[in-house]
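Chain by chain, the residues run as shown.
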Amino acid sequence: MTIDSWAQIGSTVAGLMFTLATLQQFFPHQLRVPLQQFVLASLQQFSFVQKLCDKLVSFFSPYIQITFPEYSGYWSNQAFDAIETYVGTLSTTKASLLKGSLIKNSKALVLTRDDRKVSDEFDGVKVWWVLGPSSSSTSSSEDKYFQLMFHRQHRDLITGAYLDHVLEQGKAIEARNKQRRLYTNNPSDNWSSYKKNLWSDIALENPATFQTIAMDPKKKEEIINDLVSFSKGKEYYMKLGKPWKRGYLLYGPPGTGKSTMVAAMANLLNYDIYDLELTTVKNNTELRKLLTETSSKSIIVIEDIDCSLDVTGERKKQESKNNEKEKEKNHVIENTSKVTLSGLLNFIDGTWSACGTGRIFVFTTNHVNKLDPALIRRGRMDMHIELSYCSFEGFKMLAKNYLDLDSHELFEKIGILFKETKMTPADVAENLMPKREKKDPDSCLESLIQALEYAKEKAKKEKTTKIKKERSKKSYASLIKKRWLFQA
Ligand SMILES: Nc1ncnc2c1ncn2[C@@H]1O[C@H](COP(=O)(O)OP(=O)(O)OP(=O)(O)O)[C@@H](O)[C@H]1O
Ligand SMILES: [Mg+2]
């Protein structure tokens, strides 16, 4: 017997019971059989009759039903969401009844089947998904649910491998359709106890990709491979008994692409970014709370770490001078924040850091030498990435991106100038940006040449002034020395 026949039996029995209940109301005296009266009196409500029939039918039926409600208690059921996504995409190509929706946090219109009953096959076994309550149901306030039906003999396969497959696939589709978010922490004065609002978020619209970043291609490939293998390395980390997380330190002068790279990482892996503003975090407890409110598979970035927290080597030396060795790892920030270095170290790789998985920590700084070695040692910041001044290779990449140029007669001159002077990719990009609507590569390259020549002249002048200053310092010192000798 098919599953539909069993469902038909269920509704027929329910109908009969309902008819009996109605008859009993109109002809109470004629239906005075004690057992019947007892049954009918207790089964006044049709829904109750139906539920009982469902139970009876499911007892004799060879099919099993599993229900996944939309909410479990007050919380939304994540399994329901994943199932909804998975079931919605089951052969949408063949279905004629489709539903298009632009859901929250989704970057594009999502097309899903609009049927209430859909079949699926797994390892040659047929299963059915039914979305409830049925449209004929009068109660609109009733919670939605999915019902999975399958034959008893496949119980282990379906409750094990198949359900794992559905949840995994559903979550993967959700992640693909998801619009990446950029979070920033709210000051704790605005945190409310009943609503989880430790972070504010907006859509991450930064289109930066690794293709558009100008840097050594080999280094770029190394970073991409590292990121991709990390994102796929859940089992590997588990095998090693290590929390699944990785730290990247991005350092280099202003305008060399550190923030751009963070956005490119997020776009590559489809991760959200949590931009942690440390100066608004009052203490280590708040820092820990913020950490526990971040989602798995996300990038937690602290920009200009040297400015956010006093984690410099100089501070360390000064403190050791003042015999405050026990405070060595507990430098208090000058502003209202009392986050300490040890608090931050715990944040990255303490017990709490393992409460989510697939997390990437990124620190950016302009002054890597000033950072406390404990903060950036391998294991905390696993990969140190230097982003530096633009090379000729970098320029060619930018010229291709900005002007769609592979070569030009002015490239040779530009190549020589790049050997003689330094310019950040941000400055190069600014010069290559067409000033008028129409792209005019010649004038853009000319403007870059002018800027490079100006930078070269400026550097030359600065060098001469520095030499002059040093010379006059030296001659002043020797004059003082001579005077001193003369007086002596
Ligand atoms: N390596 C690069 N490749 C391509 N574009 C770059 C690169 N570096 C900088 N840019 C351009 O310059 C702009 C500024 O770069 P970005 O903000 O990433 O620099 P930064 O290193 O974070 O600077 P800061 O240290 O001041 O924060 C970006 O919008 C980007 O367009
Ligand atoms: Mg930056």
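Our subject is the structure listed above.
Residues numbered from 1 in each chain as written. Chains lettered and ligands numbered in written order. Predicted model: local features only at pLDDT ≥ 70, side-chain atom pairs only at ≥ 80, totals over all residues. Heavy atoms only, no water.

This part takes up the site of ligand 1. Neighbouring residues of ligand 1: 15 residues in total, closest Ala214, Gly255, Lys258, Ser259 and Thr260. Within the side chain of Lys258, an N or O atom sits 2.7 Å from an oxygen atom of ligand 1. One of the side-chain nitrogen or oxygen atoms of Asn366 is found 3.0 Å away from an oxygen atom of ligand 1. Relative to its unbound accessible area of 630 Å², ligand 1 is 73% covered by the protein chains. Of all the elements in the fold, those that place two or more residues in the shell around ligand 1 are helix H8 (258-269), helix H14 (392-403) and helix H16 (425-432). The dominant element in the shell around ligand 1, judged by the number of residues it contributes, is H8, at 3 residues. Here the residues of the shell around ligand 1 sort into 7 nonpolar, 7 polar and 1 charged. (Near = heavy atom within 4 Å. Polar contact = N/O pair within 3.5 Å; in protein donor to acceptor, adjacent residues only side chain to side chain. Areas by Shrake-Rupley, 256 points an atom, 1.4 Å probe, with all protein chains shown as cover. Helix = DSSP H or I, 4+ residues; strand = E, 2+ residues; numbered from the N terminus. Nonpolar A, V, L, I, M, F, W, Y, C, P; charged D, E, K, R; others polar.)

Turning our attention to the packing of H16 against helix H17 (residues 441-487). Two elements in contact, H16 and H17, have axes whose closest approach is 8 Å; the angle formed by their N-to-C orientations is 140°. With respect to H17, the element H16 is oriented oblique. Along the contact surface, H16 presents Val428, Asn431 and Leu432, while H17 presents Cys444, Leu445, Ser447, Leu448 and Ala451. Class assignment for the residues of the contact of H16 with H17 results in 6 nonpolar, 2 polar and no charged. (Axes fitted to C-alpha atoms, helices over the stretch in contact; angles between N-to-C directions. Parallel < 35°, antiparallel > 145°, perpendicular 65-115°, else oblique. Contact = heavy atoms within 4.5 Å.)

With that settled, the discussion passes to the side chain of Gln147. Here Gln147 shows up in strand S8 (residues 145-151). Under the relative-accessibility criterion, Gln147 is labelled buried at 16%. What Gln147 contacts, discounting residues up to four positions off in sequence, is Gln65, Ile66, Thr67, Trp128, Trp129 and Val130. (Buried < 20%, exposed > 50% of the residue type's maximum accessible area, 1.4 Å probe, protein only.)

Take H17 next. Taking 1.5 Å per residue, 47 residues should reach 69 Å; H17 reaches 68 Å between its end C-alpha atoms and fits that length. Those residues of H17 that sit buried are Cys444, Leu445, Leu448, Ile449, Ala451, Leu452 and Ala455. If you follow the buried residues of H17, they end up packed against H14, helix H15 (411-420) and H16. (Expected span 1.5 Å × (residues − 1).)

Tallied over the entire structure, the rule returns 16 aromatic pairs. Pairing Phe230 with Tyr237 gives two aromatic rings, centres 5.7 Å apart and planes at 85°, and the pair type is edge-to-face. (Phe/Tyr/Trp six-rings, centres within 6.5 Å; stacked < 30°, edge-to-face > 60°.)

Time to look at the sheet that holds strand S7 (residues 125-132). Pairing in this open sheet of 4 strands is antiparallel, and the strands run S1-S8-S7-S6 from one edge to the other. One side of each edge strand has no neighbouring strand; the edge strands of this open sheet are strand S1 (63-69) and strand S6 (117-122). Neighbouring strand axes in the sheet, compared pairwise and without regard to direction, differ in orientation by 25° on average. One ladder, built from 5 bridges, connects S7 with S8; its direction is antiparallel. Residue pairing across strands places Trp128 opposite Met149, the latter belonging to S8. Taken strand by strand, helix H4 (residues 78-88) contacts S1, S6, S7 and S8, and its axis lies near 70° from that of S8. (Pairing = 2+ DSSP bridges.)

Burial of strand S14 (residues 359-365) is extensive: 7 of the 7 residues sit out of reach of the surface. Of the two faces of S14, both are covered, the one formed by Arg359, Phe361, Phe363 and Thr365 as well as the one formed by Ile360, Val362 and Thr364. Across 7 bridges, the pairing between strand S11 (residues 245-251) and S14 is parallel. The residue of S14 that forms the bridge with Tyr248 is Val362. Examined bridge by bridge, strand S13 (residues 298-302) and S14 share 4 bridges and lie parallel to one another.

Together, Leu52, Leu56, Phe59 and Phe60 make up a nonpolar patch on the protein surface, roughly 440 Å² of accessible area in all. Along the chain, Phe60 turns up in helix H3 (residues 46-60). (Patch = residues over 30% accessible without salt bridge, like charges linked within 9 Å, V, L, I, M, F, W, Y side chains within 5 Å. Salt bridge = Lys/Arg side-chain N within 4 Å of Asp/Glu carboxyl O.)

This brings us to the pattern of salt bridges. Applying the stated rule across the entire model yields 9 salt bridges. A salt bridge links Arg181 to Asp201, with the nearest nitrogen and oxygen atoms 2.8 Å apart. You can see Arg181 sitting in strand S9 (residues 181-185) and its partner Asp201 sitting in strand S10 (residues 199-203), a full 20 residues away along the chain. Lys396 is paired through a salt bridge with Glu393; the nearest N and O atoms lie 3.7 Å apart.

Turning to the nonpolar core, a few remarks are in order. Leu276, Leu278, Leu344, Phe347, Phe363 and Leu375 are the most contacted members of the largest nonpolar core, which has 30 residues in total. Only S11, helix H9 (284-292), S13, helix H12 (341-349), S14 and helix H13 (373-376) provide two or more residues apiece to this core. Looking at which element gives the most residues to this core, the answer is H12, with 5 residues. Core analysis: the next-biggest nonpolar cluster, separate from the first, contains 26 residues, Leu204, Tyr248, Met261 and Ala264 among them. (Core = buried A, V, L, I, M, F, W, Y, C linked by side-chain atoms within 4.5 Å.)

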